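If you want the building blocks of each chain, they are given just below.
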Amino acid sequence: MPELPEVETLCRQLNTVLQGQEILRIDIMDPRLGSVERKRGGSGKVIPGTFTRKVAELIGQRVAAVTRRGKYIQLQMNGGMTVELHLRMSGRLLYLAADKPLSPSIVPYCRLTIGLSAGILLLIDPRRFATFAVQPDKIAPVLPDDPLEGLPARRLLEIARTRRMPVKSFLMDQRLVAGIGNIYACEILFAAGIDPRRPACNLTTVEWRKVSKAAKAILCRAVACRGTTVSDWRDLFGCIGTNQNHLEVYSRQAEPCRRCGGSIQRITLGGRGTWFCPICQK
DNA sequence: TATAATGTTAGACT
DNA sequence: AAGTCTAACATTAT
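Residues numbered from 1 in each chain as written. Chains lettered and ligands numbered in written order. Predicted model: local features only at pLDDT ≥ 70, side-chain atom pairs only at ≥ 80, totals over all residues. Heavy atoms only, no water.

Asks: Any chance you could explain the protein's contact with DNA strand B here in plain terms?
Replies: Lining the immediate surroundings of DNA strand B are 23 residues, of which Met 1, Lys 71, Ser 231, Tyr 250 and Arg 272 lie closest. A breakdown of the atoms of DNA strand B within 4 Å of the protein gives sugar and phosphate a share of 60%. A distance of 3.3 Å separates a sugar or linking oxygen of DNA strand B from a polar atom in the side chain of Glu 3. At 3.0 Å from a phosphate oxygen of DNA strand B is found a side-chain nitrogen or oxygen belonging to Arg 266. (Near = heavy atom within 4 Å. Polar contact = N/O pair within 3.5 Å; in protein donor to acceptor, adjacent residues only side chain to side chain.)

Asks: Help me out: how do you make sense of the sheet that holds strand E3 (residues 72–77) in this one?
Replies: What links the strands of a sheet is backbone hydrogen bonding, and the strands pair in either a parallel or an antiparallel sense. Taken together, the 4 strands give an open sheet; going across it, the order is E2-E3-E4-E8, and neighbouring strands pair in antiparallel fashion. Each of the sheet's edge strands pairs with one partner strand only, and the pair in question is strand E2 (63–69) and strand E8 (131–135). The mean inter-strand angle of the sheet, taken between neighbouring strand axes irrespective of direction, is 20°. Two strands pair when backbone bridges link them, and strand E4 (residues 82–86) and E8 are joined in this way by 5 bridges, in the antiparallel orientation. Note on E8: the bridge partner recorded for Val 83 is Val 134. Seen against the sheet, helix H3 (residues 50–58) touches E3, E4 and E8 and runs at an angle of roughly 75° to E8. (Pairing = 2+ DSSP bridges. Helix = DSSP H or I, 4+ residues; strand = E, 2+ residues; numbered from the N terminus. Axes fitted to C-alpha atoms, helices over the stretch in contact; angles between N-to-C directions. Contact = heavy atoms within 4.5 Å.)

Asks: Which parts of the structure should I look at to understand the pattern of salt bridges?
Replies: Side chains that carry opposite charge are capable of pairing whenever their charged atoms lie near each other. Per the stated rule, a full pass over the model turns up 14 salt bridges. A salt bridge links Arg 12 to Glu 8, with the nearest nitrogen and oxygen atoms 2.9 Å apart. With Arg 12 and Glu 8 both in helix H1 (residues 4–18), this residue pair falls 4 residues apart, about one helical turn. Take Arg 12: its relative accessible area is 47%, and that puts it in the partly exposed class. (Salt bridge = Lys/Arg side-chain N within 4 Å of Asp/Glu carboxyl O. Buried < 20%, exposed > 50% of the residue type's maximum accessible area, 1.4 Å probe, protein only.)

Asks: Can you help me understand the domain arrangement of chain A in this one?
Replies: Interface size is commonly expressed as the accessible surface area that is lost when the partners come together. For chain A, the assigned domains are domain 1 (4–135) and domain 2 (147–276). Between domain 1 and domain 2, the residue contacts involve 19 residues of the former and 22 residues of the latter. Buried surface at the junction of domain 1 and domain 2, both sides included, amounts to about 1700 Å², of which 69% is carbon and sulfur. Counting across the domain 1 and domain 2 interface gives 0 salt bridges. Connecting domain 1 to domain 2 are 6 residue pairs in polar contact (both at pLDDT 80 or more). (Domains from an automatic or database assignment. Buried area = accessible area lost by both parts, 1.4 Å probe.)

Printed below as a string of structure tokens:
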């Protein structure tokens, strides 16, 4: 569910609320959260009990800072460990201050709770794709370019030079560009006037410049709006975002393009729904 | 009942 | 070998 702007929203809110708090307890309601980490995390050998031990080591540590890498949320602990969360399709985080009456056990789809000195952090995830990992050390900083840090046209041109994949798939490839998902890929390409099916290697410098500008504008506004709530996205405090009011193409099949009046088309690219205006996007 | 949903990735192709 | 495509993951909503 969450893309870069939603994860960035959560990180900013987590920072205001979590910094300096001590972890008092961790309850994992969904055993999948542990097993997935063991299967995919680390390289190679699986030592039984390692995950449980690492989780236990977090108790008593304090949150130093909350950072983001693409769509990953990282709680940097003062002891040097890092908790890394990925919300995937349907994950949400909810923070309840200790003086709020709501009990976590009555929150539907609550898969994990982290009890802190002044409140409780809940991971809510109906589809159970979210992941929770504990790293012994600080995680290496960002690998791919992060559009919020600036995604220069010449860099895009360089990465795309050998890629024949559709430009939309290119923008959504987390190994190449960090944080862009389905909603914002569609919106960015509409703003840039580029057909999502175009092979990435065929875009000109001028076109990449448009993509770069559009990415920054679209994502910054979405962060300012605290994300896009088209179905179930909520921020850390349960509030909806407002960026859905700015969507030009996503989920607007057969509706009129606000720029030219033509009909928005829906196609499938890389297995994902893709909306665009065939008149405005070439 | 069949399809699609804001994500990622292992494995199969090319 | 590297790039690309597909199915799978689990669950709900339309």
